[in-house]
Amino acid sequence: MKSVYDTCTKDKVKVSYSLYAMLFELGLCPSSKGTIYLKELIEYIISNNLYDYSYKEVLGLFISEKHYELKNIKTNIKNALYRIDYSKAKRNFKKYLDLEFDTYYLSPSNFINIVALRYND
């Protein structure tokens, strides 16, 4: 998959690749379209500094810029999070996100906010 970031800026490329690897380590399926949407949406939040926006607002901005369908994005993201490998998530949540694993964090808005804020620093 081609990154939307310029390869000359090492920081953004590092976020792009480390984010994708982290999503897999947290138990998301690499072949799921929802995982790809999650990655793109989190990168969109990071690159546009949309940390203070709600999930609904970010999703609206994201789909209007990328020309995606809202229903498909929401459904695929929910399915990716519902089909997460729980044993992998329990093992790696503390390591990558500094949080004890709880299914509460697997709602789309909570998960996206937690991961995006992880890269805020």
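Residues numbered from 1 in each chain as written. Predicted model: local features only at pLDDT ≥ 70, side-chain atom pairs only at ≥ 80, totals over all residues. Heavy atoms only, no water.

**Student:** Explanation requested: the overall build of the chain in the structure shown.
**Tutor:** Regarding its fold elements, the chain presents six helices and zero strands. Looking at the chain as a whole, 45% of its 121 residues qualify as buried. Taking as baseline every contact in the chain between residues at least 6 positions apart, the subset at least 24 positions apart corresponds to 55%. Looking at the chain as shown, the accessible area adds up to about 7300 Å², and 50% of this sits on carbon and sulfur atoms. (Helix = DSSP H or I, 4+ residues; strand = E, 2+ residues; numbered from the N terminus. Buried < 20%, exposed > 50% of the residue type's maximum accessible area, 1.4 Å probe, protein only. Contact = heavy atoms within 4.5 Å. Areas by Shrake-Rupley, 256 points an atom, 1.4 Å probe, with all protein chains shown as cover.)

**Student:** Help me out: how do you make sense of helix α2 (residues 33-48) in this one?
**Tutor:** Working note: α-helix, 3.6 residues per turn, so residues spaced by three or four point in the same direction. Taking 1.5 Å per residue as the helical rise, α2 with its 16 residues ought to reach 22 Å, and the 22 Å between its terminal C-alpha atoms agrees with that figure. Buried residues dominate α2, accounting for 13 of its 16 residues. If you check the start of α2, you find a side-chain oxygen 3.2 Å away from the backbone N of G34, and it comes from S32. Looking one or two places after α2, you find N49, whose phi comes out positive at around 55°. (Expected span 1.5 Å × (residues − 1). Polar contact = N/O pair within 3.5 Å; in protein donor to acceptor, adjacent residues only side chain to side chain.)

**Student:** What's the story with the confidence of the model for the chain in this structure? I'm lost.
**Tutor:** Detailed reading of the predicted coordinates is not advisable wherever pLDDT falls low. Of all residues in the chain, 85% attain a pLDDT of 70 or more, and the chain-wide mean is 86. Averaged pLDDT values for the elements of the chain fall to 69 in helix α1 (residues 10-25) and rise to 95 in helix α4 (residues 70-82). A low-confidence stretch, residues 1-15 stays under pLDDT 50, and its non-local contacts, those more than four residues away or across chains, total 17 contacts. (pLDDT = per-residue confidence, 0-100.)

**Student:** Help me understand unusual backbone geometry, please; the structure alone is not making it clear to me.
**Tutor:** Glycine aside, the phi torsion of most residues is negative, and most peptide linkages are trans. Here N49, not a glycine, exhibits a phi torsion of approximately 55°, which is positive. Its relative accessible area of 54% is what places N49 among the exposed residues. Positioned with a positive phi, H67 is a non-glycine residue whose angle comes to about 60°. With respect to the helices and strands, H67 occurs in the loop between α3 (55-66) and α4. Residue classification places H67 among the exposed positions, given a relative accessible area of 68%.

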